[in-house]
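# Report on the structure
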Amino acid sequence: ETGVTQTPRHLVMGMTNKKSLKCEQHLGHNAMYWYKQSAKKPLELMFVYSLEERVENNSVPSRFSPECPNSSHLFLHLHTLQPEDSALYLCASSHEWGLARPEAFFGQGTRLTVV
Amino acid sequence: GENVEQHPSTLSVQEGDSAVIKCTYSDSASNYFPWYKQELGKRPQLIIDIRSNVGEKKDQRIAVTLNKTAKHFSLHITETQPEDSAVYFCAAPGGGNKLTFGTGTQLKVEL
């Protein structure tokens, strides 16, 4: 267990549904990330939060909405998704840049299927 | 922002041979270069990293080399074993706080 926990592990949702992905870390990290992993783009950065403030958006569609209420929790709210959004969504956390070894620890991911 | 390119996308080697995966980056401010290994069905995990103040780092059968002038770094795996089969990702931070990952290399070690 690396200390980054994602729930749920699997999610099937219709295009009109609203769901949320949750990520939790207790490593004392102050940067958290959402990545999308699909066959076409193996690791695609979606959002970065540093000290609970969003610092990177990467032009993600508005049907994906992140929320970072504190440095230990990160959510990804989903609504009106498309089938092409089906992928593995990985959460990661790391120390703030400049500190010792900014290694990114990944959660096990949420396998999302949009039907 | 940072742009990271990784080659090859797939690599097949015989057990015992060496494997080399190469990455290039664009942002000269990048000073930290990690490599992640993702086994099938599992999360990516850091296997080795290098900072820009050194040109090479080795940990048992894996090593990473860095050429800051040319902006490229490589992962070297010697005496490959079946358990080395996985997807490998390089990454670079650019001048900011996020890691930009390469597109991944599917390494297959054949018996």
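Structure shown above.
Residues numbered from 1 in each chain as written. Chains lettered and ligands numbered in written order. Predicted model: local features only at pLDDT ≥ 70, side-chain atom pairs only at ≥ 80, totals over all residues. Heavy atoms only, no water.

### Topic: the sheet that holds strand β8 (residues 72-77) of chain B
All names here are of chain B.
- Pairing in this open sheet of five strands is antiparallel, and the strands run β1-β3-β8-β7-β6 from one edge to the other. Both outer strands of the open sheet, β1 (4-7) and β6 (56-59), are each paired with one neighbouring strand and no more. Going from strand to strand, the sheet's axes swing by 15° on average, the running direction of each strand aside.
- Strand direction decides the pairing type here: strand β3 (residues 19-25) and β8, joined by six bridges, are antiparallel. Counterpart to Thr24 in the pairing with β8 is His72. (Pairing = 2+ DSSP bridges. Helix = DSSP H or I, 4+ residues; strand = E, 2+ residues; numbered from the N terminus. Axes fitted to C-alpha atoms, helices over the stretch in contact; angles between N-to-C directions.)

### Notes on the nonpolar core
- By size, the foremost hydrophobic cluster in this structure holds 23 residues, and its most contacted members are Trp35, Phe73 and Leu107 of chain B.
- The contacts of Leu107 of chain B, once residues within four sequence positions are left out, are Leu11, Val13, Ala19, Ile77, Asp84, Ser85, Ala86 and Tyr88 of chain B. (Core = buried A, V, L, I, M, F, W, Y, C linked by side-chain atoms within 4.5 Å. Buried < 20%, exposed > 50% of the residue type's maximum accessible area, 1.4 Å probe, protein only. Contact = heavy atoms within 4.5 Å.)

### As for the sheet that holds strand β8 (residues 73-79) of chain A
Residues and elements named next belong to chain A.
- On the basis of which strands lie adjacent, the open sheet formed by four strands has the order β1-β3-β8-β7 and antiparallel pairing. The outermost strands of the open sheet, each flanked by one partner alone, are β1 (4-7) and β7 (64-70). If you compare each strand with its neighbour and ignore which way they point, the axes differ by 20° on average.
- Across five bridges, β7 lies against β8 in antiparallel orientation. Among the inter-strand pairings, Ser65 is bridged to a residue of β8, identified as His77.

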